[in-house]
Every structure is written in structure tokens, then in C-alpha cells.
Amino acid sequence: MQIDSDEHLEEQPMMHGNGGHGRVHPAASSSDFSGEMNQSVSAPSSDPSSSPLYSFHFEKPVPPPPHPPPKAAQPGEYVVQVPKDKVFRVPPPENARLFEHYTRRAKRRRRCSCARVCACLLTALLALAVLLAAAAGVAYLVLRPKRPAYTVQALAVSGLGSVGNAASSAAPAFSPGFTATVRADNPNGKIGVHYDGGESNRVSVSYDGVLLADGAWPAFYQGPRNVTVFVAKAKGSGIRFSERVRGQMAAAERLRSVPFDVDVEVPVRLQIGRVKTWAVPARARCAVAVDRLAADAKVVSASCHVKVRFLSWRN
């Protein structure tokens, strides 16, 4: 048996006199044995020297480093021991920079998305406006809409017969009434006109800026190239004139030309074939002069001007 310098024990076969063979297993004799031991196991063979050797290595576990002793608390201090599972790790400062970077990028993307949506909506609105303008232009060229014409054929006056004879010291209250016969002419060949009723429908009569009476415009439908004659009535009460207005009205009656202003405000709807538009306010002002303040008064002069919002009419 031989022991090398690396403390490996090498087993050599030994022959006994009786022809048998065996193995010698050395034991560790010192306390600083390295834990490595070579042990050979022989299989039954005719030649003992041909037995293979098997090596088993055993290592001692490395003990963990000892924990430092806890720091003694100074006077006025408290030592708090927190369990390991309750200790929260402080993230590194790189995480904060990454968070700010991703936040700025998300804001930029959100800003870009909002700008893109606004641009798309604006483009769609512009395209829609262009299409509507083109459609309106084509319709105007095809239909050639013309403004309806109104003529006051007769204006009967009541309640103002004694205005010229009223005493200047005690001016009485008057209740004037007017009955106007109006002719409406629709010159359009493909457009019908609907005159709607309601509270927004109003007819008023005034003299020199003083409102005398008001009433309603009748609701009816006027077809293309149609002439309609109708009657509109207006009534007032408790009207008091100044001495100057009474004098002017009496002088105008003597001259056989008493001027009145007839104002009309009525919503109209246009009908093209079976398509009917939305209500559009139409206004008309007619300057009418009668020869006297009576029920059988005759119209001396009359002229009307029509104005319709949102529509371009041709004379």
C-alpha cells in the first residue's frame, strides 16, 4: 500500500499464500482528513490486477457566515425588528426614469391621437360643407327660385272715424280694426310654399311708428305658379294718439292719402316635389295708403318688400 503526496490512498492487491486474494481498506487516522477516499471493488476474475478502481468523493458542507450581532440600542433609541417577509425593497432610481419616459411617450401618443381625430373631424365637416354648397348651387341653377309677390288690394279701416274731431284737451282711447285683402303670387314653376300658423305667425298695422293693431296670417299651401287671395284681420284696443299724430292723420285724410305700414312675419316651408324643407321665417313690409278712414276705404298706393332668411330669391 502506498500513500501519495495529495493524501489519496491507493490500494494495491496483495496475494496470500493459499492462492486467495483480498483488499485492504485504510481508515482515516487523523482529524484533518480531506474527505476523499478511493475504494476499489473487484469483480470475480482470474487476474486480480485487472480489477477496475472506483472513486467516491465526499466534501464537507461549508457553514454559513455568522450573522453580526445586533447593534445595541443607544439611550433614547428603539430597535424595531421587522420580519423578513414585511421588508419592502426600494426600487432603483432607473425605474423612476423609465416611468417618466413611458409617461411622456403615452402623453405624446394621446396628444397625437386627439389631434388626428380632430383633424379627421374637421376634414369631414369641410367635405360635408363643400358637398352641401355644391348641392345647393346645383339646385339653385336647376330650380331658379323666385321671390313670392304680395299686393294689398283693399284695406278696410274701423274705429278711427272720429280721430280728426277729437278734442286736444281730452284725447280718447281708440280701438282700431283693419281688414286687409292680400293677393299672394307664387311665380316658381317647381316650388310650392307652405304658410304655417302658430304664435310666430303675426300681422301688424302701424301709423308713423305707433302700433295700432295686430292679428294672424292665415295658414295655407300655395302650389307652383299659383295666385291666392286671402283676408288677414288685425285688431287693437286702448290706443291713444298725441295731438301731433291726430293732426297729421286728419290732414292726410283731407288729402285722400292716409299712409299705414303693414308688417307680416310668418314661417314658410318650401316643397319641391314630395320633399319639404324646414321652416324658414319670412318677413314682408307693405306701405299702403287709403283715401279715408272708413270701412269702404280704397287703396291709393301699395308696395311690398319681402325678405326670407337663409334663402336667395330672384326677383
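Residues numbered from 1 in each chain as written. Predicted model: local features only at pLDDT ≥ 70, side-chain atom pairs only at ≥ 80, totals over all residues. Heavy atoms only, no water.

Under an unreviewed UniProt entry, the name given to the protein chain is Late embryogenesis abundant protein LEA-2 subgroup domain-containing protein, and the source organism is Urochloa decumbens. Under the heading Subcellular location (unreviewed entry), UniProt records this for the protein chain: "Membrane". (UniProt positions renumbered as here; feature names shortened; annotations may be inferred.)

It is worth spelling out the overall build of the protein chain at this point. When you go through the protein chain residue by residue, the secondary structure sums to 2 helices and 17 strands. Relative to its full complement of 315 residues, the protein chain shows a buried share of 24%. Across the protein chain, every contact between residues at least 6 apart in sequence was considered, and the portion connecting residues at least 24 apart equals 64%. Of the roughly 22,100 Å² of accessible surface on the protein chain, 59% is carried by carbon and sulfur atoms. (Helix = DSSP H or I, 4+ residues; strand = E, 2+ residues; numbered from the N terminus. Buried < 20%, exposed > 50% of the residue type's maximum accessible area, 1.4 Å probe, protein only. Contact = heavy atoms within 4.5 Å. Areas by Shrake-Rupley, 256 points an atom, 1.4 Å probe, with all protein chains shown as cover.)

Now for the pattern of salt bridges. Summed over the entire model, instances satisfying the criterion amount to 6 salt bridges. Note that Asp208 is salt-bridged to Arg244, the shortest N-O span being 3.4 Å. Taken together, the residues span a long stretch of sequence, with Asp208 in the loop between β10 (202-207) and β11 (210-215) and Arg244 in helix α2 (residues 243-254) at a distance of 36 residues. The shortest N-O distance in the salt bridge between Arg285 and Asp263 comes to 2.6 Å. Remark: Asp263 occurs in strand β14 (residues 258-272) and Arg285 occurs in strand β16 (residues 280-290); sequence separation between them is 22 residues. One connected set of salt bridges, linked through shared partners, spans Asp291, Arg292 and Asp296. (Salt bridge = Lys/Arg side-chain N within 4 Å of Asp/Glu carboxyl O.)

In this structure the tally under the stated criterion is 1 disulfide. No disulfide involves Cys120; its sulfur sits 9.3 Å from that of Cys118, the nearest cysteine. (Disulfide = S-S within 2.5 Å.)

Another point: the side chain of Arg246. Topologically, Arg246 is positioned in helix α2. Of the side chains bearing the opposite charge, Glu243 lies closest to the buried Arg246, which forms no salt bridge; the N-O distance is 5.2 Å. One polar contact links the side chain of Arg246 to the main-chain carbonyl oxygen of Phe241, over a distance of 2.8 Å. (Lys, Arg positive; Asp, Glu negative; His and termini not counted. Polar contact = N/O pair within 3.5 Å; in protein donor to acceptor, adjacent residues only side chain to side chain.)

Inspection of the secondary structure assignment puts Asn188 in the loop between β8 (177-186) and β9 (191-195). A distance of 2.5 Å separates a polar atom in the side chain of Asn188 from the backbone nitrogen of Lys146. Reaching out from Asn188, the side chain makes a polar contact with the side chain of Asn186 at a distance of 2.9 Å.

Turning our attention to the pairing of β8. Of the pairings in the sheet, the one linking strand β7 (residues 149-158) to β8 comprises 9 bridges and is antiparallel in character. When the sheet's bridge partners are listed, Leu155 is paired in β8 with Ala180. Looking at chain direction, β8 and strand β13 (residues 226-235) are connected through 10 bridges and run antiparallel. From the neighbouring strand, Thr181 faces β13, where its bridge partner is Val231. (Pairing = 2+ DSSP bridges.)

The next point concerns α2. Between its first and last C-alpha atoms α2 spans 17 Å; for 12 residues at 1.5 Å apiece the expected length is 16 Å, and the two agree. Along α2, the positions that sit buried rather than exposed are Val245, Arg246, Met249, Ala250 and Ala252. The buried residues of α2 occupy an angular sector of 160° when the element is viewed end-on, so they sit on one face. The outward face of α2, more than 90 degrees from its buried face, is lined by the exposed residues Glu243, Arg244 and Arg254. Packed against the buried residues of α2 are β10 and β14. Backbone geometry just after α2 places Arg256 at a positive phi near 65°. (Expected span 1.5 Å × (residues − 1). Arc of directions from axis to C-beta.)

Our focus in this paragraph is the pairing of β14. Examined bridge by bridge, β9 and β14 share 5 bridges and lie antiparallel to one another. The partner of Val193 across the bridge, within β14, is Leu270. When β10 meets β14, the two strands line up antiparallel, connected through 5 bridges. Across the sheet, Arg202 pairs through a bridge with Glu265, a residue of β14. Sheet topology places β14 next to β16; 11 bridges connect them, and they run antiparallel. Looking at β16, one finds that Val258 is bridged to Val290.

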